[in-house]
Amino acid sequence: GAGVSQSPSNKVTEKGKDVELRCDPISGHTALYWYRQSLGQGLEFLIYFQGNSAPDKSGLPSDRFSAERTGGSVSTLTIQRTQQEDSAVYLCASSLGVQGNEQYFGPGTRLTVT
Amino acid sequence: GQQVMQIPQYQHVQEGEDFTTYCNSSTTLSNIQWYKQRPGGHPVFLIQLVKSGEVKKQKRLTFQFGEAKKNSSLHITATQTTDVGTYFCAANPAGGTSYGKLTFGQGTILTVHP
């Protein structure tokens with residue numbers, strides 16, 4: 001079956017512009033996660049959804065970052081007024097449930113802010 | 001907050017040598033997961049450990065969970081060039097309220113010289 005998909009795969013934007021990143025989880029997976037990975041670094045947790053609600057938003061770096069999930073499926077991560085330090089690969093993952101379930105990762109969106 | 005230390009950061013081995021990466025948590029864990037990320041790829045789930053002192057094997061890979069459920073290791077016997085990549089541990093804290101928030105270690109980058 002289809003895995004987690006993300007779009008766009010690459011995004012180059014100018015500093016100060018807003019960007020929207022999209023994640024399509026595996027069908028039937030109720031939990032969805034967003035991470036950020038800078039070059040050669042580990043995964044930085046941003047936010048996760050259980051259904052459409054986000055119990056933990058503590059990883060969002062600033063109020064310029066927001067995320068939503070509708071219909072228990074697709075999620076969008078929005079970054080407003082992008083800064084150069086936002087440049088990274090944004091990874092989305094989904095799992096059957098929240099507790100103790102393996103996460104399936106998408107290919108990521110590489111964001112470059114110029 | 002939850003902290004997960006993973007060592008070493010880098011490991012270079014000759015093909016056929018063994019490799020071990022270690023993961024240590026500052027708090028007791030509910031479970032721990034291991035992921036592998038090939039160069040240019042996304043993390044792929046390898047295994048989950050739940051029980052104190054648990055040992056699991058996958059061909060040449062051996063995973064251990066410490067008795068106190070605060071540390072874990074991944075050992076690869078007789079490395080092959082296909083083992084190249086970054087190995088991450090990901091920790092689920094015990095008794096936490098944010099069950100979905102996996103804390104990833106910084107990863108160990110493994111290179112294998114043929």
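Our structure's up above, just so we're on the same page.
As the structure is a computational prediction, the values presented were derived from the model and not from experiment.

Enquirer: Tell me what's going on with the layout of surface pockets, and back it up with residues and numbers.
Expert: The space that makes up the largest pocket amounts to roughly 600 Å³. Every residue lining the largest pocket is counted, 32 residues in all, and those nearest its centre are A:Gln37, A:Leu39, A:Gly40, B:Gln37 and B:Gly40. Counting residues per element, the ones that place at least two in the lining of the largest pocket are β9 (88-95) and β11 (109-113) of chain A together with β9 (85-93) and β11 (108-113) of chain B. The dominant element in the lining of the largest pocket, judged by the number of residues it contributes, is β11(A), at four residues. Residues that form the lining of the largest pocket fall into these classes: eleven nonpolar, 19 polar and two charged.

Enquirer: Account for the sheet that holds strand β1 (residues 4-7) of chain B, naming residues and giving values.
Expert: Residues and elements named next belong to chain B. As summarised here, the arrangement of the five strands in space is β1-β3-β8-β7-β6, forming an open sheet in which the pairing is antiparallel. Looking at which strands have only one partner, the edges of the open sheet turn out to be β1 and β6 (55-58). The average undirected angle you get between the axes of adjacent strands in this sheet is 15°. Bridge count between strand β3 (residues 19-25) and strand β8 (residues 71-76): six bridges; the pairing is antiparallel. Paired with Thr20 across the strands is His75, a residue of β8.

Enquirer: Explain the interface of chain A and chain B to me, using residue names and the numbers behind them.
Expert: Taken together, the contact pairs 20 residues of chain A with 18 residues of chain B. Inspection of the chain A/chain B interface yields zero salt bridges. Linking chain A with chain B are four residue pairs in polar contact (both at pLDDT 80 or more), by the criterion used here. Only β4 (31-37) and β5 (43-50) of chain A provide two or more residues apiece to the side of chain A that touches chain B.

The rules we used
Position numbers for residues start from 1 in each chain and track the written sequence from start to end. Key to labels: chains lettered from A, ligands numbered from 1, both in the order written. In view of the model being predicted, local features appear only for residues whose pLDDT reaches at least 70, and side-chain atom pairs are presented and counted only at 80 or more, with totals across whole chains, interfaces and linings using the full set of residues. The basis for every side-chain value is the complete set of non-hydrogen atoms in the structure, without hydrogens or water. Every definition here rests on a 1 Å grid over the protein atoms only: cavities are sets of points where a 1.4 Å probe fits but cannot get out, pockets are open sets enclosed by protein on both sides within 12 Å along at least five of seven lines, and lining residues have some atom within 4 Å of a point. Grid points are joined across faces, edges and corners, and a volume is the space filled by probe spheres set on the points. Helix and strand definitions here come from DSSP, where helices need a minimum of 4 consecutive H or I residues and strands a minimum of 2 consecutive E residues; each element is numbered from the N-terminal end. Residues are grouped as follows: nonpolar covers Ala, Val, Leu, Ile, Met, Phe, Trp, Tyr, Cys and Pro; charged covers Asp, Glu, Lys and Arg; every other residue, Gly included, is treated as polar. When DSSP finds two or more bridges between a pair of strands, those strands are recorded as paired. Whenever a helix is involved, its axis is fitted only over the stretch in contact; in every case the axis is a line through C-alpha atoms, and angles between N-to-C directions fall within 0 to 180 degrees. Only heavy atoms enter the contact rule, under which two residues are in contact if any of them lie within 4.5 Å. Salt bridges are defined by distance alone: a side-chain nitrogen of Lys or Arg within 4 Å of a carboxyl oxygen of Asp or Glu. Residues adjacent in sequence count toward polar contacts only when both atoms are side-chain atoms; beyond that, a polar contact is any pair of N or O atoms within 3.5 Å, and within protein one must be able to donate a hydrogen and the other to accept it.

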